[in-house]
Amino acid sequence: MAPPVEERAAAAENLLGMAVPADLTRLARALAARTEEVIVDAVAICEIPAPTFHEARRARHVLRRMRALGLGAPRLEETGNVVAELPGAADGPTVVLTAHLDTVFEADVPVRVRREGAVLRAPGIGDNSLGVAGLLWLGGALRALPGRGTLVLVANTCEEGLGDLRGARAAWDRYGARADAWIVLEGATFNRAVYAGVCSRRLEVGYRAAGGHSWLDFGRPSAVHAIGRLVDQIAAIRPPREPRTTYNVGVLRGGTTVNSIAASASLLLDMRSEDPAALDALDRTVRDLAAAVAAASDVEVSVEVVGDRPGGRLPDGHPLFSVVNAAAEAVGVPVEWESGSTDANVPLSHGAAAVCLGLARGEGAHTRDEAVDVGALPLGLTQACLVAASLLRRPALTKFAVIDSTSAGRSTRESVDQ
Ligand SMILES: [Zn+2]
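Chains are numbered independently. Their residues run from 1 in the order of the written sequence. Whole-chain, interface and lining totals are the exception, using all residues; otherwise, since this is a predicted model, local features are given only for residues with pLDDT of at least 70 and side-chain atom pairs are given and counted only at 80 or more.

**Observations concerning the overall build of the protein chain**
- Going along the chain from the N terminus, every DSSP run of H or I of four or more residues is numbered as a helix, and every run of E of two or more is numbered as a strand. When helices and strands are counted, the protein chain shows 11 helices and 20 strands.
- For the protein chain, with 418 residues in total, the buried portion stands at 53%.
- Here the contact rule is simple: place C-beta atoms from the backbone, and any two residues whose C-beta atoms are within 7 Å are in contact. Within the protein chain, contacts between residues separated by at least 24 positions form 80% of all contacts whose residues are at least 6 apart in sequence. The burial label depends on the number of other C-beta atoms within 10 Å of a residue's C-beta. Counts of 20 or more mean buried, 12 or fewer mean exposed, and intermediate counts mean partly exposed, with C-beta atoms placed from the backbone.

This is the structure in structure tokens:
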């Protein structure tokens, strides 16, 4: 049987090496010792449904918890984000810590959490109830850090699906100008750190024609025939492997009956890239094909952007890499750097220092069988605490030039939605 969480928390304490300043070690130890309380909060948060665009109930709960934990004067903003500012030294840096409130599940999906030893099961428990609970307790621990700068805690809306990072964008609008670093928390991606935000764009391409009778009007333009030609041509596009760039026609709609020439048809296309320039190039290619097929098929074309997530990446050698690597070393689990689609996309797209960190190990994200193993949670909390504390005490990080698309040999695993 796996050792209980308390024992692992104790093991996490012992791993903290001499390289970490003593007061940071004390802070991280105190936090790891409260792992059970973090879990209790994660369960309570998870059991309040929060589909994207419907996070208000969960947000009010988080607001009450921030008040109860004494995290400054938290407020619920018009955007739906819950924000607490913990002012620090006037000349110190400002660090924003965020975790998204929303889930991919509809409000009627059962969210009661089952616990089997170190494993918690429920839709949304890892993505991202545990992240939000971690945000609360990290805020509580970091509040006491001597000589720190200003800490801003944001439990934000709209990270998932068609939320299009609306909550993170709202946080950027408010704090982008003064924040020196951004740390995005995810519950279930322990020891994986996202340093590159994959940018994505979703298009709806529609064709329209006059339509008609399949026998009497044979030969008239058909929107369905046209969209079929377009899908064939899109499928022949060979996007670059480096920077990794992908596309997928995920939905096809059109026509009304088998004996009518289709008057309308449309497709939904998802495009992603590690490099915004490559995404733009793919976007242009698709639009050119859509127009050429429309002209050749004698139909009207419309192209609408139905989703647009900005991207960006930390440039090689950015100091945030060494801050995270040092914290990972301190807990004895090296970090794997990867690209992904998270709230960190927003600051990264503006050239701000940002990283997404995971707190525990999970599986089945975005499915009803989602589970997290909180065995690593003391380590995840310790690591995030050391990263945040280090950033809160260092001189301001300078912004970098937006988008360095060279990958310079750093290994990148499959990118993931989180
Ligand atoms: Zn998530």
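Moving on from the model shown.
**So, the environment of His 318**
- Topologically, His 318 is positioned in the loop between strand 15 (312-313) and helix 9 (319-331).
- Take His 318: there are 17 C-beta atoms within 10 Å of it, and that puts it in the partly exposed class.
- Taking the C-alpha atoms as reference points, His 318 and Ala 353, separated by 35 residues in sequence, lie 8.3 Å from one another.

**Thoughts on the nonpolar core**
- Connectivity within a nonpolar core runs through C-beta atoms within 7 Å, and the core itself is a set of buried Ala, Val, Leu, Ile, Met, Phe, Trp, Tyr and Cys residues. Membership of the largest hydrophobic core comes to 130 residues, with the highest contact counts inside it found for Leu 97, Ile 183, Val 355, Cys 385 and Ala 388.
- Per-element tally for this core: the top contributor is helix 11 (residues 377-393), with 11 residues.
- Delimitation of the domains relies on an automatic or database domain assignment. Structurally, this core is a two-domain feature, drawing no fewer than three residues from each of domain 1 (5-197 + 311-417) and domain 2 (205-309).

**Concerning unusual backbone geometry**
- For the bond from Asp 127 to Asn 128, the omega torsion is 20°, close enough to zero to count as cis.
- Along the chain, Asn 128 falls in helix 5 (residues 125-142).
- For the bond running from Glu 242 to Pro 243, omega is 0°, close enough to zero to count as cis.
- Positionally, Pro 243 belongs in the loop between helix 7 (223-235) and strand 11 (245-254).
- The phi dihedral of His 366 falls on the positive side, at around 65°, and the residue is not glycine.

**Description of the packing of helix 9 against helix 11**
- Running from amino to carboxyl end, helix 9 crosses helix 11 at an angle of 140°, the nearest separation of the two axes being 9 Å. Of the two possible hands of crossing, helix 9 and helix 11 adopt the one that is right-handed. Between helix 9 and helix 11, the residues in contact are Val 323, Val 324, Ala 327, Ala 328, Ala 330 and Val 331 and Leu 379, Thr 382, Gln 383, Leu 386, Val 387, Ser 390 and Leu 391, respectively.
- A class-by-class count of the residues in the contact of helix 9 with helix 11 yields 10 nonpolar, three polar and no charged. Angles here are taken between N-to-C directions and fall from 0 to 180 degrees, while the axes themselves are lines fitted to C-alpha atoms, restricted in helices to the stretch in contact. In a left-handed crossing the near helix is turned counterclockwise from the far helix by less than a right angle, and in a right-handed crossing that turn is clockwise. The classification used treats Ala, Val, Leu, Ile, Met, Phe, Trp, Tyr, Cys and Pro as nonpolar, Asp, Glu, Lys and Arg as charged, and all other residues, Gly among them, as polar.

**Quick word on the sheet that holds strand 13 (residues 264-273)**
- We call two strands paired when DSSP finds no fewer than two bridges between them. Judged by pairing direction, the sheet is antiparallel, and its four strands sit side by side in the order 11-13-9-14 without closing on themselves. Where the open sheet ends on each side, the last strands, each with one partner, are strand 11 and strand 14 (300-309). Averaged over neighbouring strand pairs, the angle between their axes works out to 15° when direction is ignored.
- Pairing of strand 9 (residues 199-208) with strand 14 involves nine bridges; the strand directions are antiparallel. Within strand 14, the position partnered with Ser 200 by the bridge is Arg 309.
- Here helix 7 sits on the sheet in contact with strand 9, strand 11 and strand 13, set at roughly 20° to strand 13.

**Digging into the packing of helix 3 (residues 35-46) against helix 5**
- Running from N to C, helix 3 and helix 5 cross one another at 130°; their axes reach a closest spacing of 8 Å. In terms of their interaxial angle, helix 3 and helix 5 are classed as oblique. Considering how the two elements wind past one another, helix 3 and helix 5 form a crossing that is right-handed. Residues Glu 37, Val 38, Asp 41, Ala 42, Ile 45 and Cys 46 of helix 3 form the contact with helix 5, whose participating residues are Ile 125, Ser 129, Leu 130, Val 132, Ala 133, Gly 134, Leu 136 and Trp 137.
- When grouped by side-chain class, the residues that make up the contact of helix 3 with helix 5 number 10 nonpolar, two polar and two charged. Put simply, angles under 35 degrees are roughly parallel, angles over 145 are roughly antiparallel, angles from 65 to 115 are roughly perpendicular, and the rest are oblique.

**Thoughts on the confidence of the model for the protein chain**
- How sure the predictor is of each residue is captured by pLDDT, a score from 0 to 100. Model confidence for the protein chain is summarised by a mean pLDDT of 90, while 90% of its residues fall at 70 or above.
- This model gives residues 403-417 a pLDDT under 50, and the stretch forms 23 contacts once residues within four places in sequence are excluded.

**Some remarks on helix 2 (residues 22-32)**
- Three or more residues of helix 2 are buried, namely Leu 24, Thr 25, Leu 27, Ala 28, Leu 31 and Ala 32. Buried positions in helix 2, seen along its axis, are confined to an arc of 160° and lie on one side of it. Arc, as used here, means the arc of the directions from the helix axis to the C-beta atoms.

**Thoughts on helix 8 (residues 276-297)**
- Residue count minus one, scaled by 1.5 Å, sets the expected span of a helix. Here helix 8 contains 22 residues, and its C-alpha end-to-end distance of 31 Å stays within 8% of the 32 Å for a straight helix at 1.5 Å per residue.
- Three or more residues of helix 8 are buried, namely Pro 276, Ala 278, Leu 279, Leu 282, Asp 283, Val 286, Ala 290, Val 293 and Ala 294. Down the axis of helix 8, the buried side of the element spans an arc of 160°, and every buried residue falls inside it. Those residues of helix 8 that are exposed and aimed more than 90 degrees away from the buried face are Arg 284, Asp 288, Ala 295 and Ala 296.
- Check the buried side of helix 8 and you find it contacts strand 9, helix 7, strand 11, strand 13 and strand 14.
- Where helix 8 ends, the next residue or the one after it, Asp 298, has phi of about 60°, a positive value.

**Things to note about the environment of Gly 124**
- You can see Gly 124 is positioned in the loop between strand 5 (119-121) and helix 5.
- Classification of Gly 124 as buried rests on a count of 31 C-beta atoms within 10 Å.
- Spatially, the C-alpha atom of Gly 124 lies 9.7 Å from that of Val 372, the residues being 248 residues apart in sequence.

**Digging into the pairing of strand 6 (residues 150-156)**
- For strand 6, a buried count of seven out of seven residues is recorded, marking the element as mostly surrounded by other parts of the structure.
- Alternating positions in strand 6 separate into two faces, Thr 150, Val 152, Val 154 and Asn 156 on one and Leu 151, Leu 153 and Ala 155 on the other, with burial throughout.
- In the sheet, strand 3 (residues 94-100) pairs with strand 6 via seven bridges, with the strands oriented parallel. By the bridge assignment, Val 95 is partnered in strand 6 with Leu 151.

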